[in-house]
Amino acid sequence: MISLLKKWPVKPIFATAILFFIGFQQFPIIRIGGSFKVYELLAIIILLTDIISIKKLKFANSASIAAFLFFVVSPLISYLYSNIFLGYPNGFFLRYEDANSFKFNYYVFPLLQVIYMFFNFSTFNVIAISSFIYLRFNIILKTIVVVGTCIAIYSLMAMFTVDIIALLPQYIQYKQPYDFRSSGLSQEPSFYVLYQSWICLITWYSKKIFKKRYWYILLIINVASLLLTFSTTLVSFFLILILNLLIFKSSTKRKSIVLSLLLILVLFGYYIIDHFGLYPQFEYAFVSKLMNFFTAPEHTLDSGSFRSYTSGIGIRIFKDHWLTGVGVGNSMYYMYLYEFKMGIVEFGQPLTAGTFPQNLFSIVLSEQGIIGGLSLLYFLFCSFKIIWINRNKSQYNKMFMSGILFNIAVMFSIAPAYSLFLWVFIALGLNYTKYFNSLNTKPKQVVS
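Just so it is clear, the structure is predicted and the values come from calculations on it, not from any experiment.

All right, on to the pattern of salt bridges then. Counted by the stated rule, this structure contains five salt bridges. When the shortest N-O distance is used, the salt bridge between aspartate 50 and lysine 11 registers 2.7 Å. In this pair, aspartate 50 is assigned in helix H3 (residues 38-52) and lysine 11 in helix H2 (residues 10-21), connecting sequence segments 39 residues apart. Judged by its relative accessible area of 6%, aspartate 50 falls in the buried class. The class of lysine 11 is partly exposed, set by a relative accessible area of 22%. One salt bridge in this structure joins arginine 307 and glutamate 188, with 3.2 Å as the shortest N-O distance. Highlighted residues: arginine 307 in helix H14 (residues 303-320) and glutamate 188 in the loop between helix H8 (137-160) and helix H9 (189-205), separated in sequence by 119 residues.

Let us look at the nonpolar core. Within the largest apolar cluster, 129 residues are counted, with the highest numbers of intra-cluster contacts made by Trp423 and Leu428. Apart from the residues within four sequence positions on either side, leucine 428 is in contact with Leu19, Ile127, Ile133, Phe137, Leu141, Ile144 and Phe400.

Here the focus is the confidence of the model for the protein. Averaged over the protein, the pLDDT score is 86; the fraction of residues at 70 or greater is 90%. Ranking the elements of the protein by mean pLDDT puts helix H1 (residues 2-7) last, at 49, and helix H15 (residues 360-389) first, at 96. In this model residues 441-448 is a low-confidence stretch, pLDDT under 50, and it forms 10 contacts with partners more than four residues away in sequence or in other chains.

With that out of the way, let us pick up the packing of H8 against H9. Angle between the axes and distance between the axes are the two parameters that describe a pair of packed helices. At their nearest, the axes of H8 and H9 sit 9 Å apart, and the two run at 130° to each other. On the basis of the axis angle, H8 is oblique to H9. The chirality of how H8 crosses H9 is left-handed. Taken together, the residues of H9 that come into contact with H8 (itself represented by Leu141, Ile144, Val145, Val147, Gly148, Ile151, Ala152 and Ser155) are Tyr192, Tyr195, Gln196, Ile199, Ile202 and Thr203.

Definitions and limits used
- Residues numbered from 1 in each chain as written.
- Predicted model: local features only at pLDDT ≥ 70, side-chain atom pairs only at ≥ 80, totals over all residues.
- Heavy atoms only, no water.
- Salt bridge = Lys/Arg side-chain N within 4 Å of Asp/Glu carboxyl O.
- Helix = DSSP H or I, 4+ residues; strand = E, 2+ residues; numbered from the N terminus.
- Buried < 20%, exposed > 50% of the residue type's maximum accessible area, 1.4 Å probe, protein only.
- Core = buried A, V, L, I, M, F, W, Y, C linked by side-chain atoms within 4.5 Å.
- Contact = heavy atoms within 4.5 Å.
- pLDDT = per-residue confidence, 0-100.
- Axes fitted to C-alpha atoms, helices over the stretch in contact; angles between N-to-C directions.
- Parallel < 35°, antiparallel > 145°, perpendicular 65-115°, else oblique.
- Left-handed = near helix turned anticlockwise from the far one by under 90°.

See below:
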């Protein structure tokens, strides 16, 4: 096994497979406390390969070094600190007497989250550094789009008929059925919207690698599945598309075409809302939830207010444990301490044993403290800077610029940090930027 890992190009092959499987977030899985996914198994193999050949470990760029600080160094510090100085959370288990499953095991679950953080780094780094991936870039993008479209077709069918996968035994799936909302193979639409946004972007910018008629069909299916998520984060997506008109160099004619298409899409959406009497749902999803998320409401009657509430608790935990946090995966053991200290008058959705801050920045601060928070900001800054500098060099560079902006925006409503689907497309963008520049300036330096 070890000799095979050393001789065979396991890391780039498995990393490519992860790019294909990253949309399979809740099926097929193995239920062991949480959901153990196919791409997480592949990521563990990549991590094992890194451990075996640790002396040959290379970093793709400054973003990979920053990723090492965020995914490896900071989690280790917070994990050791929490075990040495904070001790066993007796109060949590007194508060939630039924929290006796594998998922809440204080000695196992946090350690698993640290391992998850480690393989996030290994996967991110190999995708960002592998010329194997770049040399097969078009075919990889094509496969990603085809796989994403298959998931979108299933998602649309599940919306209007029966979600067949949700009827399967729960040891191989963990899908929640949604009435008239597209959720793909994700746990909920707010997670699916990130993946599907990337599929739409890749479809739009990879027009040349598909037959024209086929491309139109793919685009229509994927855009429909994205819009029908009815996710509040779609507001960010459309704002970023409009912002693109300012940050990308293009002709006035092209900008006019893009602006016209966006306007047509908005008018079409308005017609659908008006024709089917969907304004109450629209107001709830895109006005009330959004306002409640960015304010500090006195209730938790919708997901926006609940996310704001839990994010606020995450900041309170950070204030009390500001240096290293309470440890990766440990925030849920401390949430109950602040349950009635956040000014909530009316509880619609209460805290449960498994609740954690519903905001990436908040959960990182609460679990990894200022060390983790600064390393996360440094990681995002390095990634953004590299893609920003190269944004006008090709159509794919523009695609990744749009994608990373939306990726960062979504982090305000998606947590935790060990969710691999948050990072793989950013890594793919760094890969393209690295080798696109190399092949245009120093071709001989590109090696497999």
